[in-house]
Amino acid sequence: MRYARPKPSIVLATIAIVAVASPLVVSVSKHDPELVDRTKKVADTTIEQVPLRDLSTVVLDMASSGLGAAGIKLPKIDPNQFPLPDLAVPLPSGLVPTTTSSDSSSTSTSSSPTATTTTSSSPDSTSTSTTTTTSDSTSTTTTTSTKSGTPRSTARARAPQPRMADGRPVGAAVTTLRRSTPIKMLAFTWDRPVDVDMFVRAKRPNGRWGAWTALEQAAGSEASPDHPAGTEPIWIGNAREVQIAATDNGLAIPAAEPQGGGPAQLAMGSASEIITKLVTTALSAIKATLISPESILSLGSSLLTPLLGGPSVVARAQWGADEAIRCSQPTFSPTVRGAILHHTAGSNEYTAAQSVEIVRGIYAYHARTLNWCDIGYNVLVDKYGQIFEGAFGGLDRNVEGTHTGGFNKSTVGVSMIGNLDQTPPTGAMVAAVARFLRWRLGKAGLNPGGTANLTSEGFSGSKFPAGAQTTLPMIAGHRDYNSTSCPGTHGYSALAQIRGLAGGASVKPPESTPSATPTNPVPVPSA
C-alpha cells in the first residue's frame, strides 16, 4: 500500500482541472461508439469535509423512518434515570442531555389510545389494516381479501416504544445534511480510532426518503492525523438532503423531542454508555466528506481501449484521471497469485454516464482524502458492463492496489460498482468481470477455478495474522480475507458463476441494458 504524502491541513481539497489529450475519441456513453469532441476542459472535483457535530439533529421514530427495518435498535432505557454523563467534549449541535430526575414521573403525562384504519388495494388483493396505539405499544391487524374472496387475517405486534418518564416517546437521534446543490457522493472519515457503523439515506426528488444504506469501511491502515480512515463513498446523485445515523453494534443514540420546542434531549439511563461512546468519541471525530465529481462523458472523454487478447476498457486518461494528484509511483509485485472481488457498496441507481463520475469521485477520495495516493482498486466494473482501469501502472502489470488489508501484494482487486447487498449484479456486470479476469489471470498462467496461495502481511481487520498462509479460491471475495461483508450477499453468491465464466464456460448473452434504477430495488419506507 502507498502512504507517502503527509495529509494537508485543509478542509476543502480541489482537484486540478483534467487536461484532455486528443480532440476526437470514441465515446461509450451510449454503448455505441461515436466520435465526439473532447477539446474542452473539465471542471474540478471538489471535496468538502463537515464535522458531524456541526450538523443539526432530529429525532426519528424507529418504525416509520425505516431504521428498524435496517436492523437498527435503541438500547434499553430506564425512564426514571437520566443522569448527565461526564462529557469531555462539547455535544453536537442540537443534542442536549436531559436532566430529568427519578421523581419526574410524578409530573408525567400520558397519551390516550388512538386507532387508525387504512385501506390499500392492488391488482391481486385488497387489505384493511387497523393500527391501535397506546403509550406503551402498537399492534397491527391486517385482513386481506384475495381475488377469490377468501379472507385472510394476520396479526402483528410492534415492539413497545420506549418512553421517557414524562411519557414522551423516545426515538433515534440522527444528523441532517442539506445543500442547495446536488451532494453527488458522500463518505465519512476520522483521524483517530473509532468503533462506529454509519448509515445514510437520501431524500428523493419526489420528497420521499430512500432506504437506509450501511457504509462499509474502506481498506487501509489504522486512523491517524496523517492517514485518516473512512468508509467507502456512496453515490447520492442529485439528492440535496441526507440523514446520517451513527450506531454502535446496531444501537442508535436514543433521544426525545423536548416539550415546547428546542434541542433534542438525550435519553440517558442505562443507555448512557452508548451515548457517551457515540457522542463524545464518534460524532466528535467523524467528518462527512462531500465529493463532487463532474461528468466528462459529454466531452467525449471515455475511450474504449482494447487490451491485447482481452476485453476493451475505459483507460485512466479517458475517464479523466488527473495524474497530478498521485503522490507516489506504483509498487509492483513479482507475480500475481489471485484475484479479490469487491463492491463499492454505494448506490445502484446510476446511469452509464454517471459511472465515470463515480470512478472519478472514488479516485479523488482515495488519493486525496484517505491519502492513498491513487485509487485503491485495480479495476472497476459497472452494471452496464463497462470496465474501468483503476490503479496507475498498467493492467498487464502486477500493480499493488489498496483494496484488501494484508493481501494487496500479488492480487488483483476488482470492484463492482453498486451495493450488492441490496440487488444482484447484472448479467452485463458478471460477464465483464469474468472476461477481464479470464484475460488477466490467463496472462499470469493461473486457473480461474484453482486455488490461490497467499501470505498475510497483517492488518487489523484481517482474518489472518501476519505470516499466515492462506489457501482460498483463485477468485475470492473481500470477506474471505478481511472481516467485512464485501462484496455483498448477492456479489458473493455470483463468484461461482464468475469463476465458471472466467474458466471458459460458455458465456450467455448479457441481459438487456439495465435501467438506472436497481433491478430489485429495496422498498422505500415512508418518512
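These numbers come from a predicted model, not from an experiment.

Structural notes on the overall build of the protein chain
Right, so step 1: In terms of helices and strands, the protein chain carries seven helices and 29 strands.
Right, so step 2: Going through the 527 residues of the protein chain one by one, you find that 52% of them count as buried.
Right, so step 3: The contacts in the protein chain between residues at least 6 apart in sequence include a share of 73% that link residues at least 24 apart.
Right, so step 4: Taken as a whole, the protein chain presents about 22,300 Å² of accessible surface, with 52% of it coming from carbon and sulfur.

Things to note about helix α1 (residues 272–285)
Right, so step 1: With 14 residues, α1 should cover 20 Å at 1.5 Å per step; its first-to-last C-alpha distance of 19 Å lies within 8% of that length.
Right, so step 2: Along its length, α1 reaches its greatest deviation from straightness, about 30 degrees, at L278.
Right, so step 3: Those residues of α1 lying buried are I274, I275, L278, V279, T280, A282, L283, S284 and A285.

Re the state of the cysteines
Right, so step 1: Under the definition given, this model contains one disulfide.
Right, so step 2: A disulfide bridge connects C327 with C373, and the sulfur atoms are separated by 1.6 Å. On the S-S bond that ties C327 to C373, the torsion sits near -75 degrees, and the link is left-handed. Linking C327 in the loop between α2 (316–319) and β23 (338–343) with C373 in the loop between α3 (354–369) and β24 (379–381), this pair joins segments that are 46 residues apart in sequence.
Right, so step 3: Accessibility expressed as a relative area gives 1% for C373, which makes it buried.

Looking at the side chain of T176
Right, so step 1: Within the fold, T176 resides in strand β11 (residues 171–178).
Right, so step 2: With residues up to four places along the chain from it excluded, the contact list for T176 reads L55, S56, V58, E241, V242 and Q243.

Comments concerning the packing of aromatic side chains
Right, so step 1: Enumeration according to the criterion identifies six aromatic pairs in this entry.
Right, so step 2: Consider the rings of F407 and F464, whose centres lie 6.0 Å apart with planes at 85 degrees: the pair is edge-to-face. Of the two residues, F407 is situated in the loop between β25 (387–389) and β26 (411–416) and F464 in the loop between β27 (451–455) and β28 (469–473); the sequence distance between them amounts to 57 residues.
Right, so step 3: The rings of F407, F464 and Y481 are connected pair by pair, giving a single aromatic cluster.
Right, so step 4: Taking NZ or CZ as reference, R326 lies 3.7 Å from the ring centre of F392, over its face.
Right, so step 5: We note K383 situated over the ring of Y350; from NZ or CZ to the ring centre the distance is 4.9 Å.

Considering the side chain of D382
Right, so step 1: Tracing the sequence through the fold places D382 in the loop between β24 and β25.
Right, so step 2: No salt bridge is formed by the buried D382; its nearest oppositely charged neighbour, K383, is found at 8.8 Å.
Right, so step 3: Within polar-contact distance, the side chain of D382 engages the backbone nitrogen of Y384 at 3.0 Å.
Right, so step 4: Looking at D382, its side chain comes within polar contact range of the side chain of Q386, at 2.6 Å.
Right, so step 5: When sequence neighbours within four positions are dropped, the list of residues in contact with D382 reads Y350, S355, F388, I417 and M429.

A short note on unusual backbone geometry
Right, so step 1: The omega torsion of the bond from C486 to P487 falls at 10 degrees, within 30 degrees of zero and hence cis.
Right, so step 2: In this structure, P487 sits in the loop between α5 (478–481) and α6 (489–493).
Right, so step 3: Positive phi outside glycine occurs at K184, with the angle close to 70 degrees.
Right, so step 4: The topology assignment puts K184 in strand β12 (residues 184–190).

Digging into the nonpolar core
Right, so step 1: Judged by nonpolar contacts, the single largest core of 64 residues is most densely connected at L341, V414, V433, F436, L437 and I498.
Right, so step 2: If one sorts the elements of this core by residue count, helix α4 (residues 427–443) sits on top with nine residues.
Right, so step 3: Other than its neighbours up to four places away in sequence, V433 contacts L341, V381, V414, M416 and I498.

A few points about the confidence of the model for the protein chain
Right, so step 1: Per-chain confidence: the protein chain averages 76 in pLDDT, with 68% of residues scoring 70 or above.
Right, so step 2: Considering only residues more than four positions removed or in separate chains, one finds that residues 509–513, a stretch of pLDDT under 50, has six contacts.
Right, so step 3: The model gives residues 517–527 a pLDDT under 50, and that stretch makes 30 contacts with residues more than four places away or in other chains.

Description of the pattern of salt bridges
Right, so step 1: On inspection of all chains with the given rule, the structure shows 11 salt bridges.
Right, so step 2: Measuring nitrogen to oxygen at the nearest pair gives 2.9 Å for the salt bridge that ties E357 to K184. Of the two residues, E357 is situated in helix α3 and K184 in strand β12; the sequence distance between them amounts to 173 residues. Considered together, E357 and K184 belong to a single accessibility category, that of buried residues.
Right, so step 3: When salt bridges that share partners are traced, they join R316, E323, R326 and D374 into one network.

Concerning helix α7 (residues 495–502)
Right, so step 1: Of the positions making up α7, those classed as buried are L495, I498, L501 and A502. Mapping the buried residues of α7 onto a view down its axis gives an arc of 125 degrees, with all of them on the same face.
Right, so step 2: Residues of α7 that are buried sit in contact with β23, α4, β29 (475–477) and α6.
Right, so step 3: Note on α7: the residue one or two positions beyond its end, G504, has a positive phi of about 115 degrees.

Considerations on the pairing of strand β20 (residues 287–292)
The side chains of a regular strand alternate, residue by residue, between the two faces of the sheet.
Right, so step 1: Bridge count for strand β4 (residues 46–51) against β20 is six bridges, and the pairing is antiparallel. Note on β20: the bridge partner recorded for P51 is K287.
Right, so step 2: The pairing of β12 with β20 spans five bridges and is classified as antiparallel. In the sheet register, F188 faces β20, and the bridge partner there is A288.

Regarding the packing of α4 against α7
Right, so step 1: The N-to-C vectors of α4 and α7 enclose an angle of 50 degrees; their axes lie 8 Å apart at closest approach. Classified by the angle between their axes, α4 and α7 sit oblique to one another. The crossing of α4 and α7 is right-handed. For the pair α4 and α7, contact is made by V430, V433, A434, L437 and R438 and by Q497, I498, L501 and A502, respectively.

Conventions adopted
Residues numbered from 1 in each chain as written. Predicted model: local features only at pLDDT ≥ 70, side-chain atom pairs only at ≥ 80, totals over all residues. Heavy atoms only, no water. Helix = DSSP H or I, 4+ residues; strand = E, 2+ residues; numbered from the N terminus. Buried < 20%, exposed > 50% of the residue type's maximum accessible area, 1.4 Å probe, protein only. Contact = heavy atoms within 4.5 Å. Areas by Shrake-Rupley, 256 points an atom, 1.4 Å probe, with all protein chains shown as cover. Expected span 1.5 Å × (residues − 1). Bend = angle between axes of the 7 residues up to and from the residue. Disulfide = S-S within 2.5 Å. Phe/Tyr/Trp six-rings, centres within 6.5 Å; stacked < 30°, edge-to-face > 60°. Lys NZ or Arg CZ within 6 Å of the ring centre and 35° of its normal. Lys, Arg positive; Asp, Glu negative; His and termini not counted. Salt bridge = Lys/Arg side-chain N within 4 Å of Asp/Glu carboxyl O. Polar contact = N/O pair within 3.5 Å; in protein donor to acceptor, adjacent residues only side chain to side chain. Core = buried A, V, L, I, M, F, W, Y, C linked by side-chain atoms within 4.5 Å. pLDDT = per-residue confidence, 0-100. Arc of directions from axis to C-beta. Pairing = 2+ DSSP bridges. Axes fitted to C-alpha atoms, helices over the stretch in contact; angles between N-to-C directions. Parallel < 35°, antiparallel > 145°, perpendicular 65-115°, else oblique. Left-handed = near helix turned anticlockwise from the far one by under 90°.

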